[in-house]
Amino acid sequence: MSGKILIHHLTQSRSERIFWLLEELGLPYDVKVYARTKEGKGPKSLAEAVPMGKQAPAITLPDGRTITESGFIVNQLLSHHPSASTESTASADSIFWNHFSEGSLMLHLQSAFTSNKIAEGFGAYKILYLLLFFQGGIWAFNKFVQGLEKKNLQPMLDYVEEFLGTNPGFSGNDKLGEGDFMMIFPLSAIAKGGRGPYILGPKTEAWVKRTEQRPAYVRAMQRMKEEEERQVTGPSPE
């Protein structure tokens with residue numbers, strides 16, 4: 001082992017959280033990029049590198065252990081690498097928003113994202129796409145799912161806005177915590193318009209903007225982009 005943490009990064013995945021956290025902690029790390037196949041799946045090389053064959057991001061620690069699940073990765077890195085700007089012991093708010101980010105927010109965002117891909121006839125959803133096409137139901141199906149998800153998601157985003165109205169971030173204090181690192185991905189995706197017609201409140205938009213302007217976050221996004229450009233020349237074989 002090199003003594004560095006290794007990020008297993010699948011393109012078009014949620015790895016930015018881990019890049020940002022490592023930059024914020026000032027930890028050295030290497031990156032292995034895995035390009036999605038034409039069908040949008042992870043390549044065989046990812047299946048050989050991580051537990052259960054699909055989970056990304058994942059990290060391999062200097063002791064050789066590979067761990068998965070973004071929330072757990074964030075928890076372990078913060079717990080074992082204290083810094084002046086981050087929580088070493090997670091607050092109750094941090095723990096809640098860590099779980100909320102995937103257990104509630106991303107759960108519904110992913111459903112809406114999948115419906116969009118079905119409507120586009122994307123990858124593994126082509127058979128369902130064709131079936132719906134011949135039934136004349138694509139438009140109705142997409143509208144139904146998006147309407148359902150908006151009904152589920154907008155109250156969640158309103159709840160986020162209410163919390164940020166009285167707190168500087170998702171730790172509930174002036175230090176970055178698990179919740180901050182986990183919530184950036186879904187909120188940033190919505191802010192960029194990539195996850196459907198959902199409305200972020202002004203406090204939430206301001207939090208996303210502040211976060212994306214942090215020097216560590218800027219470095220993280222640049223590193224991720226550079227690694228993808230350097231390591232990926234095209235879709236990986238199936």
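Note: the structure precedes this text.
None of these values were measured; they are calculated from a predicted model.

Cut-offs and rules
- Residues numbered from 1 in each chain as written.
- Predicted model: local features only at pLDDT ≥ 70, side-chain atom pairs only at ≥ 80, totals over all residues.
- Heavy atoms only, no water.
- Axes fitted to C-alpha atoms, helices over the stretch in contact; angles between N-to-C directions.
- Helix = DSSP H or I, 4+ residues; strand = E, 2+ residues; numbered from the N terminus.
- Left-handed = near helix turned anticlockwise from the far one by under 90°.
- Contact = heavy atoms within 4.5 Å.
- Nonpolar A, V, L, I, M, F, W, Y, C, P; charged D, E, K, R; others polar.
- Pairing = 2+ DSSP bridges.
- Buried < 20%, exposed > 50% of the residue type's maximum accessible area, 1.4 Å probe, protein only.
- Phe/Tyr/Trp six-rings, centres within 6.5 Å; stacked < 30°, edge-to-face > 60°.
- Parallel < 35°, antiparallel > 145°, perpendicular 65-115°, else oblique.
- Expected span 1.5 Å × (residues − 1).
- Arc of directions from axis to C-beta.

(A) Representation of the packing of helix H3 (residues 70–80) against helix H7 (residues 178–191) within the structure. Where H3 meets H7, the closest approach of the two axes is 9 Å, and the angle between their N-to-C directions is 145°. Our pair here, H3 against H7, has a crossing hand that is right-handed. Here Ser70, Gly71, Val74, Asn75 and Leu78 of H3 come into contact with H7, specifically with Glu178, Phe181 and Met182. Taken together, the residues of the contact of H3 with H7 break down into four nonpolar, three polar and one charged.

(B) Quick look at the sheet that holds strand S1 (residues 5–10). Strands sit in the order S2-S1-S3-S4 across an open sheet of four strands; the sheet is mixed. The two strands at the open ends of the sheet, each matched to only one other strand, are strand S2 (29–34) and strand S4 (66–68). Taken over all neighbouring pairs, the strand axes of this sheet differ in orientation by 25° on average, direction set aside. Sitting on the sheet, H3 is in contact with S1, strand S3 (58–60) and S4, with an inclination near 120° to S4. The sheet strands contacting helix H9 (residues 215–231) are S1 and S2, and the helix crosses S2 at an angle near 55°.

(C) Seen up close, unusual backbone geometry. Of note in this structure, Gln12 is not a glycine but carries a positive phi near 55°. Along the chain, Gln12 turns up in the loop between S1 and helix H1 (16–25). Owing to a relative accessible area of 68%, Gln12 belongs among the exposed residues under this scheme. Positive phi, close to 75°, is recorded for Glu69, a residue that is not glycine.

(D) Just the packing of aromatic side chains, in detail. Here the structure, examined in full by the defined rule, presents 13 aromatic pairs. Considering the side-chain rings of Phe96 and Tyr159, the 6.3 Å spacing of their centres and the 90° angle between planes classify their relative orientation as edge-to-face. Here Phe96 is found in helix H4 (residues 92–120), whereas its partner Tyr159 is found in helix H6 (residues 138–164), with 63 residues between them in sequence. Judged by its relative accessible area of 42%, Tyr159 is partly exposed. Judged by centre distance (6.5 Å) and plane angle (55°), the ring pair of Phe100 and Tyr159 falls under tilted. Of this pair, Phe100 sits in helix H4 while Tyr159 is found in helix H6, placing the two residues 59 residues apart along the sequence. Accessibility expressed as a relative area gives 9% for Phe100, which makes it buried. Here the aromatic cluster, defined as three or more aromatic residues joined through ring pairs, consists of Phe96, Trp97, Phe100, Tyr159, Phe163, Phe170 and Trp207.

(E) Spatial organisation of the packing of H7 against helix H8 (residues 202–212). H8 packs onto H7 with a crossing angle of 110° between their chain directions and a minimal axis gap of 10 Å. By the angle class used here, H7 and H8 are roughly perpendicular. Crossing hand, H7 versus H8: left-handed. Across the interface between the two elements, Asp180, Met183, Ile184, Leu187, Ser188 and Ala191 of H7 pack against Thr204, Trp207, Val208, Thr211 and Glu212 of H8. By residue class, the composition of the contact of H7 with H8 is six nonpolar, three polar and two charged.

(F) Spatial organisation of H9. For H9, with 17 residues, the first-to-last C-alpha span of 24 Å sits near the 24 Å given by 1.5 Å per residue. Of all the positions in H9, only Ala216, Tyr217, Ala220, Met221, Met224 and Glu227 are classed as buried. Here the buried residues of H9 occupy an arc of 135° about the axis, which is enough to place them on one side. Exposed and oriented more than 90 degrees from the buried face of H9 are Pro215, Glu229 and Arg230. Packing partners of the buried residues in H9 comprise S1, H1, S2, H7 and H8.

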